[in-house]
Amino acid sequence: MASVVESKKACSVNPLKMSQPLGASLAFLGLDACMPVMHGSQGCTSFGLVLLVRHFKEAIPLQTTAMNEVTSILGGYDNIEAALLNIRKRAAPKIIAICSTGLTETKGDDVDGYIVTVRKRKPELADTEIVYVSTPDYVGGFEDGYAHAVTAIVRTLVKPLPLKADQVTLLPGSHLSPADIDELREIIEAFGLTAIVLPDISGSLDGHIPPDWRGTTLGGTTLEQIRAAGASAFTIAVGEQMREGALALQEITGTPLEIFERLTGLECNDRLLQRLAHISGRPVPPKYRRQRSQLLDAMLDGHFYTGGIKVAIAAEPDLLLAVGSLLHDMGAELRCCVSTTKSAAHALLPAEQVILGDLEDLERGAADCDVLITHSHGRQAAERLGKPLMRIGFPVFDRIGNAHRCQVGYRGTMALIFEIANTMMEQIGHHHATDWPLTPEALRAATHGAPAGAPVSPRPITPSLAEASA
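Let me begin by describing the structure that accompanies this report. (Residues numbered from 1 in each chain as written. Predicted model: local features only at pLDDT ≥ 70, side-chain atom pairs only at ≥ 80, totals over all residues. Heavy atoms only, no water.)

## A closer look at the environment of Ser 376
Line of reasoning, step 1. With respect to the helices and strands, the residue Ser 376 is situated in the loop between strand 13 (371–374) and helix 16 (379–385).
Line of reasoning, step 2. Along the chain, Ser 376 and His 55 lie 321 residues apart, while their C-alpha atoms are 9.7 Å from each other.
Line of reasoning, step 3. Apart from the residues within four sequence positions on either side, Ser 376 is in contact with Arg 391, Pro 395, Val 396, Phe 397 and Asp 398.
Line of reasoning, step 4. A polar atom in the side chain of Ser 376 sits 3.1 Å from the backbone nitrogen of Phe 397. (Helix = DSSP H or I, 4+ residues; strand = E, 2+ residues; numbered from the N terminus. Contact = heavy atoms within 4.5 Å. Polar contact = N/O pair within 3.5 Å; in protein donor to acceptor, adjacent residues only side chain to side chain.)

Take a look at the structure:
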């Protein structure tokens, strides 16, 4: 169990944390025919929009209520009303999803009251669903905003329905990519079950060329599917952040649930397949038994390059747990762990300490580490330290293909092991290219610039696969 320590610096240097409104916007982008709106200034929305566009390399529909000095003081009702009417007229979305910002939260705008008033005054909005979530960007982080948005969607749009025994609701955390969601949907459907994914960015942000232009999200969870979630027989939530949404769904519909703290690794995916087999009454399909065997072989091959290495990792809590736990399973030491916000996930991390801080904290703690793992804003720290950087999380703007990067399930876990091992192998240099398996001492010697052929001690005994997966 990791102890949590908050950084006491007067200011953030090279920030790790992204804001709540940005996380909420990502959740809303997973709804079909939706228009996300930030209730705040144009600058708040523009900054978030840039990060989303750079990460996904896609056009992102995101609007603003364009608050200014006067409306910030007098209140934002007129801006809310104007935004709702203009969006309905120009884009005709089925859902308009509003998240607050620090500006309007500080003023204390009663947006829920504004929505009630505007519906009375403007009956033309009767055919448009409106979801609102409070996401002040001066507290919490990206993961929190996403979680609160999913809960708001559930509480606003889901109602109890007659049970469908072969239908499950999947609540994916903000750390899952479109490819991750596709992989989980495929696993669920392999058991003969129907999956309702809420929200589903695999439909809207998966990097496809749309057949038309609507001005809203193109793909994702439809309004009909959101409502149909009230009939699901079971809820599968991925990440501690989804507990709030899963409990809200249970409160409304009575649906039983299970929280999977991660689905990157061996044991957690075994648990998922056993749960799906129990729900469906079907055995685990042979292809997943084969994939499990392939993952075991990948762990055996990869642990020669990960066993004993020291890792510095900075990420949102659930992503930190997923990647950090896999590294620990593979024999790595989590020497420096930095995260953004408090979470129950930190108690499950196999490390001594988690710092709630920024990338400067990561850089300071990574001096004797072999590799840095964080998003693209960590590249300068890695360059200064002369360490390799493996990019994970959001945003990753100096690489393409983020939507198609899979890190869950047996296949995704295997791909992540290969990526980590290859990152370490790349540091060996051509003079170590034939030295297989490489000892952790030789790897550290290579990454720290020791001369080729320098003597090293024998490789320590690495954990068995049974121990690693325990």
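## Digging into the nonpolar core
Line of reasoning, step 1. Ranked by size, the top nonpolar core spans 108 residues in total, and within it Phe 28, Leu 52, Leu 184, Val 311 and Leu 349 carry the most contacts.
Line of reasoning, step 2. The element contributing the most residues to this core is helix 7 (residues 142–157), with 9 residues.
Line of reasoning, step 3. Residues in contact with Phe 28, not counting those within four places in the same chain, are Cys 34, Pro 36, Ala 97, Ile 98, Cys 99, Val 131, Val 133, Ala 149, Ile 153 and Thr 217.
Line of reasoning, step 4. Membership of the second largest hydrophobic core comes to 16 residues, among which are Tyr 77, Ile 80, Val 111 and Ile 115. (Core = buried A, V, L, I, M, F, W, Y, C linked by side-chain atoms within 4.5 Å. Buried < 20%, exposed > 50% of the residue type's maximum accessible area, 1.4 Å probe, protein only.)

## Structural notes on unusual backbone geometry
Line of reasoning, step 1. Between Leu 198 and Pro 199 the backbone carries a cis peptide bond, its omega angle lying at -10°.
Line of reasoning, step 2. With respect to the helices and strands, the residue Pro 199 is situated in the loop between strand 7 (194–197) and helix 9 (201–204).
Line of reasoning, step 3. In this chain, Phe 394 is followed by Pro 395 through a cis amide linkage whose omega measures 0°.
Line of reasoning, step 4. Looking at the element boundaries, Pro 395 is found in the loop between strand 14 (389–391) and helix 17 (409–426).
Line of reasoning, step 5. The residue Ala 92 is not glycine, and still its phi comes out positive at about 50°.
Line of reasoning, step 6. Residue placement: Ala 92 occurs in the loop between helix 4 (77–91) and strand 4 (95–100).
Line of reasoning, step 7. Given the relative accessible area of 56%, Ala 92 is considered exposed.

## With respect to the environment of Gln 250
Line of reasoning, step 1. The residue Gln 250 is located in helix 11 (residues 243–253) in this model.
Line of reasoning, step 2. Spatially, the C-alpha atom of Gln 250 lies 9.3 Å from that of Gly 230, the residues being 20 residues apart in sequence.
Line of reasoning, step 3. Setting aside residues up to four positions removed in sequence, Gln 250 forms contacts with Thr 255, Pro 256 and Leu 257.

## A short note on the sheet that holds strand 14
Line of reasoning, step 1. Strand order across the open sheet formed by 6 strands is 1-12-11-10-13-14, with parallel pairing between neighbours. Edge positions in the sheet fall to strand 1 (3–6) and strand 14, since each has one partner strand and no second. Recorded for the sheet is a direction-independent mean angle of 20° between the axes of neighbouring strands.
Line of reasoning, step 2. Sitting on the sheet, helix 14 (residues 317–329) is in contact with strand 10 (310–314), strand 11 (333–339), strand 12 (353–356) and strand 13, with an inclination near 175° to strand 11.
Line of reasoning, step 3. Strands strand 13 and strand 14 of the sheet are contacted by helix 17, whose axis makes an angle of about 160° with strand 14. (Pairing = 2+ DSSP bridges. Axes fitted to C-alpha atoms, helices over the stretch in contact; angles between N-to-C directions.)

## Quick look at the packing of helix 12 (residues 267–280) against helix 17
In a packed pair of helices, the relevant descriptors are the angle between the two axes and the axis-to-axis distance.
Line of reasoning, step 1. Across the interface, helix 12 lies against helix 17 with an axial gap of 9 Å and an inter-helix angle of 170°. As judged from the angle between their axes, helix 12 and helix 17 are roughly antiparallel. Seen from helix 12, the contacting residues are Asn 269, Asp 270 and Leu 273; seen from helix 17, they are Gly 409, Tyr 410 and Thr 413.
Line of reasoning, step 2. Here the contact of helix 12 with helix 17 is composed, by residue class, of 2 nonpolar, 3 polar and 1 charged. (Parallel < 35°, antiparallel > 145°, perpendicular 65-115°, else oblique. Nonpolar A, V, L, I, M, F, W, Y, C, P; charged D, E, K, R; others polar.)

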